[in-house]
Amino acid sequence: MDNVLQFLLPNVSQVMDEFYLSIIQTLQMVFVSGVISFVLSLIIGIVLISTRKGGILANSFVFNLFDKLINLFRSIPFIILIAALIPLTRLISGTAVGVQGTLFPLIVGITPFFSRQIESALSEVDDGLIESGIAMGLSSFQIIVSVYLKEGISSIVRVTTITVISLIGLTAIVGVVGGGGIGDFAIRYGYQQNQLDATYVSIIVLLIFVSIVQILGTFISKKTTH
Amino acid sequence: MTSEIIRTEHVVKTFTVDKKAHSVLKDVNLSIETGEIFGIIGYSGAGKSTLVRCFNGIEKANEGSIFFEGQNIVGLKSRELRAIRRKIGMIFQQFNLMPSRTVFGNIALPLKHSGLSKQQINKRITELLELVDLPDKRDAYPSQLSGGQKQRVAIARALVNHPKILLCDEATSALDPKTTKSILYLLKKLNKELGLTIVVITHEMSVVKEICQKVSVLDKGKIIEHGDVYSVFSNPQQELTRSFIETTSALGSVKALIETQSPVVQLQPGQLLLKISYTTSSVSEPLISYISRTFHVDANIVFGDIQILSGNPLGGLIVILSGQKSAIDRALEYVKQRHVAVEVLNHG
Ligand SMILES: Nc1ncnc2c1ncn2[C@@H]1O[C@H](COP(=O)(O)OP(=O)(O)OP(=O)(O)O)[C@@H](O)[C@H]1O
Ligand SMILES: [Mg+2]
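Residues numbered from 1 in each chain as written. Chains lettered and ligands numbered in written order. Predicted model: local features only at pLDDT ≥ 70, side-chain atom pairs only at ≥ 80, totals over all residues. Heavy atoms only, no water.

Caption draft 1: Fine view of the interface of chain A and chain B. Residue-level contacts link 16 residues of chain A with 22 residues of chain B. Where chain A abuts chain B, roughly 1,900 Å² becomes buried across the two surfaces, and 58% of that area is made up of carbon and sulfur atoms. Considering only the side of chain A, the residues that lose the most area to chain B are A:Glu131, A:Met136 and A:His226, jointly responsible for 33% of the buried surface there. Our enumeration of links across chain A and chain B arrives at one salt bridge. For the interface between chain A and chain B, the tally reads six residue pairs in polar contact (both at pLDDT 80 or more). Looking at the side of chain A that touches chain B, the elements with two or more residues in it are α6 (127-135) and α7 (140-176) of chain A. With six residues, α6(A) is the largest single contributor of residues to the side of chain A that touches chain B. Residues that form the side of chain A that touches chain B fall into these classes: six nonpolar, seven polar and three charged. (Contact = heavy atoms within 4.5 Å. Buried area = accessible area lost by both parts, 1.4 Å probe. Salt bridge = Lys/Arg side-chain N within 4 Å of Asp/Glu carboxyl O. Polar contact = N/O pair within 3.5 Å; in protein donor to acceptor, adjacent residues only side chain to side chain. Helix = DSSP H or I, 4+ residues; strand = E, 2+ residues; numbered from the N terminus. Nonpolar A, V, L, I, M, F, W, Y, C, P; charged D, E, K, R; others polar.)

Caption draft 2: A look at the UniProt feature "transmembrane region" (unreviewed entry) in chain A. Within the UniProt annotation, "transmembrane region" (unreviewed entry) is assigned to residues 20-49, 69-88, 129-149, 156-178 and 198-220 of chain A. As a span, residues 156-178 of chain A carries 91% helix and 0% strand, and end to end its C-alpha atoms are 32 Å apart. (UniProt positions renumbered as here; feature names shortened; annotations may be inferred.)

Caption draft 3: Structural context of the domain arrangement of chain B. Residues and elements named next belong to chain B. Segmenting chain B into domains produces domain 1 (4-236) and domain 2 (250-347). Residue-level contacts link five residues of domain 1 with eight residues of domain 2. Buried surface at the junction of domain 1 and domain 2, both sides included, amounts to about 610 Å², of which 66% is carbon and sulfur. Looking at the side of domain 1 facing domain 2, the largest losses of area belong to Lys209, Tyr230 and Ser234, adding up to 84% of the total buried there. In this assembly, domain 1 and domain 2 are joined by zero salt bridges. At the boundary of domain 1 and domain 2, one finds zero residue pairs in polar contact (both at pLDDT 80 or more). Per element, the largest residue contribution to the side of domain 1 that touches domain 2 is four residues, and it comes from helix α8 (residues 229-234). When the residues that make up the side of domain 1 that touches domain 2 are grouped by side-chain class, the tally is three nonpolar, one polar and one charged. (Domains from an automatic or database assignment.)

Caption draft 4: Focus on the pairing of strand β7 (residues 165-169) of chain B. Residues and elements named next belong to chain B. Across the five residues of β7, five count as buried, placing the element largely inside the fold. Alternating positions in β7 separate into two faces, Ile165, Leu167 and Asp169 on one and Leu166 and Cys168 on the other, with burial throughout. Here strand β6 (residues 88-92) runs beside β7; their pairing, made up of five bridges, is parallel. Residue pairing across strands places Ile88 opposite Ile165, the latter belonging to β7. Judged from the five bridges that link them, β7 and strand β8 (residues 197-202) form a sheet pairing that is parallel. The residue bridging Leu166 from the neighbouring strand is Ile198, located in β8. In this fold, the crossover linking β7 to β8 by way of helix α6 (residues 177-194) has right-handed handedness. (Buried < 20%, exposed > 50% of the residue type's maximum accessible area, 1.4 Å probe, protein only. Pairing = 2+ DSSP bridges. Right-handed = clockwise from strand over helix to strand, strands pointing away.)

Caption draft 5: Unusual backbone geometry, seen in detail. Residue and element names in this part refer to chain B. Notably, His10 is not glycine yet its phi reads approximately 50°, a positive angle. For His10, the location among the structural elements is in strand β1 (residues 4-17). Its identity is not glycine, yet Glu69 carries a phi of approximately 45°, on the positive side. Inspection of the secondary structure assignment puts Glu69 in the loop between β4 (63-68) and β5 (71-72).

Caption draft 6: Inspection of a nonpolar patch on the surface at higher detail. All names here are of chain A. A cluster of nonpolar side chains, contributed by Phe31, Val32, Val35, Ile36, Val39, Leu40 and Ile43, occupies part of the molecular surface with about 590 Å² of accessible area. Examined against the element boundaries, Val35 turns out to sit in helix α2 (residues 16-51). Take Val35: its relative accessible area is 40%, and that puts it in the partly exposed class. (Patch = residues over 30% accessible without salt bridge, like charges linked within 9 Å, V, L, I, M, F, W, Y side chains within 5 Å. Areas by Shrake-Rupley, 256 points an atom, 1.4 Å probe, with all protein chains shown as cover.)

Caption draft 7: Quick peek at the site of ligand 1. Residue and element names in this part refer to chain B. All residues in the neighbourhood of ligand 1 are listed as Phe15, Val17, Val24, Tyr43, Ser44, Gly45, Ala46, Gly47, Lys48, Ser49, Thr50 and Glu170. Within the side chain of Lys48, a nitrogen or oxygen atom sits 2.8 Å from an oxygen atom of ligand 1. Glu170 places a polar side-chain atom, nitrogen or oxygen, 3.5 Å from an oxygen atom of ligand 1. Against a free-state accessible area of 640 Å², the protein chains account for coverage of 58% of ligand 1. Of all the elements in the fold, those that place two or more residues in the shell around ligand 1 are β1 and α1 (48-55). The biggest single contributor to the shell around ligand 1 is α1, with three residues. Of the residues belonging to the shell around ligand 1, the class tally is five nonpolar, five polar and two charged. (Near = heavy atom within 4 Å.)

Caption draft 8: Seen up close, the nonpolar core. Grouped together as the largest cluster of nonpolar side chains are 54 residues, with contacts concentrated most on A:Tyr148, B:Ile40 and B:Phe55. For this core, the element with the most residues is α7(A), which contributes six residues. When residues no more than four places from it in sequence are discounted, the contact partners of B:Phe55 are B:Ile6, B:Thr8, B:Leu30, B:Ile32, B:Ile40, B:Ile66, B:Ile73, B:Ile88, B:Leu167 and B:Val199. Residues B:Ile107, B:Leu134, B:Ala154 and B:Phe233 belong to the second largest nonpolar core, which totals 53 residues. (Core = buried A, V, L, I, M, F, W, Y, C linked by side-chain atoms within 4.5 Å.)

Caption draft 9: Region of interest: the packing of aromatic side chains. All names here are of chain A. Enumeration over the complete set of coordinates arrives at seven aromatic pairs over all chains. When the ring of Phe19 is compared with that of Tyr20, the centres are 6.2 Å apart and the planes differ by 40°; the resulting orientation is tilted. Looking at Phe19, the relative accessible area reads 6%, which means it is buried. Classification of Tyr20 by relative accessible area gives partly exposed; the value is 47%. An angle of 45° between the planes, with centres 5.0 Å apart, marks the rings of Phe185 and Tyr189 as tilted. Residue Phe185 and its partner Tyr189 are located together in helix α8 (residues 182-192), separated by four residues, close to a single helical turn. (Phe/Tyr/Trp six-rings, centres within 6.5 Å; stacked < 30°, edge-to-face > 60°.)

Caption draft 10: How the structure looks around the UniProt feature "domain: ABC transporter" (unreviewed entry) in chain B. In this numbering, the UniProt entry assigns the feature "domain: ABC transporter" (unreviewed entry) to residues 6-245 of chain B. This span, residues 6-245 of chain B, is 36% helix and 28% strand, and a straight line between its end C-alpha atoms measures 26 Å.

Caption draft 11: Region of the structure containing the sheet that holds strand β10 (residues 222-228) of chain B. Residues and elements named next belong to chain B. Across the sheet, which stays open at both edges, the six strands sit in the order β6-β7-β8-β3-β9-β10 with mixed pairing between neighbours. Since the sheet does not close on itself, it has two edges, and those belong to β6 and β10, each with one partner. On average, each strand axis in the sheet is inclined to that of its neighbour by 15°, with strand direction left out of account. In this sheet, β8 lies alongside strand β3 (residues 37-41) in parallel orientation, the contact comprising five bridges. Residue Ile37 lies in a different strand from β8, and its bridge partner there is Ile198. (Axes fitted to C-alpha atoms, helices over the stretch in contact; angles between N-to-C directions.)

This is the structure we're talking about:
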C-alpha cells in the first residue's frame, strides 16, 4: 500500500501529514464560515425580501442600505478584499493567518453573494402565497417563517449548494494569503516546488468535495419539493 | 331584519407608479348585508380585486371609510387588522395553497398560535373536509389535486376560523364550466347552511346569475349600477351592464346572425324581425298565440331563451312576424301595451 502511494504520489507521500491537515483545514474553513455566513445571509435575504417595494415590511431606506452595501462588497475582488480586511481581521480573530485568520475574510467575502442568492430564492415564493398568508391574519414574522422559509426551502437548498461550491473556491484563494488548506498546499508544493502530483491530488480532493456538496444539495432539494 | 356586515363610504384608492398617480377606485359606496351573496362584476382592470382587498385591509384605502360590522377598518393598526382578517375568509383565482404542506397542513395554517389543542385542530379539520366534500384528501399535497379540489381546500382553509364572510376573488375563473358549477353549488350550500355572507368578484355574468342575490357593476373604479340580480338583469340601465347580460343569453347571438346574413333570420318583404323581452310575470301570458289569432299575423319563433332567475322568468324570443302591414302594426301596438319590451331588429 505504501509502495503504491509512493509510486503514484512521489512528493505528496513525503508530506502525508501536512496533506491530511490541509484537508481538515479546508473542511473547517468551509464549515465554520459557511454556517455563520448562512445565518447572516438568511437574515439579510429576509430583510431584503421584506423591505423591498411591495414587501410585507416595505421600507425603502433599509432596503437601499443593504442593497447598496451588498453591491459595494461584491464589486471588490476577493483577493483585494482579504488584503483590505487584514487590520480588521487581526482585531476580530486575533490573527490574520491560519484557519482562524481566514474565517473573517471568508465570511465577508461570501455573505454578500450568499445574501443575493437567498434573496432570489425567497423571491421565487409566489406573491399569491404571501397574499393569502396576509389574508389569513398571519403576522409578518409568521409569514417569514411559515411561508417564505417553508415554501422557499428547496430553493434555499439549491442556492446554498451553489454558494458552498463558490466558498470552496474562496478557501483555496484565502489559503494563498497564509491561511492553510488545500489551496495553500497546492500552491506551496505544486506551484512553488513544481511537484505536479501535489497539484493533481489537490484538484481531485476539491473535485470530491464539490461533487459531494452537489449530490447532497440535489438530494435535499428533491426531498423538499412536493 | 338584516344587518350590514360591510359598508364602504367614498372609498378612493390611488396607486402611484413612477410618480404618476393612477386612480383605481373612485368614490365607491356599497353596502353588503349579512347572509347575502353579493356579486361585484367588472371587466379586467376595473378595480375589483383592489376593492375586495380593501375590505380586509390588504390594500389600504387612501380616502373614505370601510366598516366591517360597524368598525371602520381604515387606519387600523396592523395588530387590530390581523384580528379582523381572521373574521374574513378569502379565496383566490389561483387557489394559493402552500405547495409544501398537505391539505391538512394548509387548512391548519391559519390556526397557528390560535391556542387550540391538537385534538381540537384535528376535529375542526375533519369537519371542514367533510363540509367541502374531500374527506379522503387530508394527506394529499396540492400538486396531487385537481383545480376544483384545490379550490375546495382553499375554501376549507378560509373557513377554519369561523369567519362571518367569505371574499371570493375570481374563485372560479381558472376552472372549467362543470367544476365552476360544483364550486358555486358549494358556495350556495355554505351560504344556506352556515349563514355565511359571500362576496363574489367575477367578470362572468353567468356566475352572478347562478348564485348572487345582489350585484354591483364596477367600471373604471366606480359602481355604475347596483341592485338585486333580477332587476338588474331584467332592466339594465347601463350599456356595460347590458353587454355583460348579453353574454349569458342566447338572444345576444341574434346580432351576429343578422350581420352574417344567416338564412335563419332572412326576411321576406313585409316581414319584421322582433326581439320580445319578458320582464317579471308577463311571460306567463299566451302572447304569441293571442296576437296571431286576434290580429291574423303569423309569428314564427326563430329561437328563444327564457331562464328562471330568483324564481322569476327572464329572457325572450326572437320572432319573425309576417302579415298585412296594418295587422302587424296593431299587433305591435298591443304587445307594447302589455308592458313587454319589443325591439324591431330588422325589416324585410
Ligand atoms: N399594487 C399595484 N400597483 C400599481 N397598480 C396597481 C396595483 N394593483 C393594481 N393596480 C392597477 O389597478 C387597476 C385595477 O386592478 P385590479 O387588480 O383591481 O383589477 P381587476 O378588476 O381585479 O382586474 P382583473 O379582472 O384583471 O383581476 C389595474 O389597472 C392595475 O394595473
Ligand atoms: Mg382581479
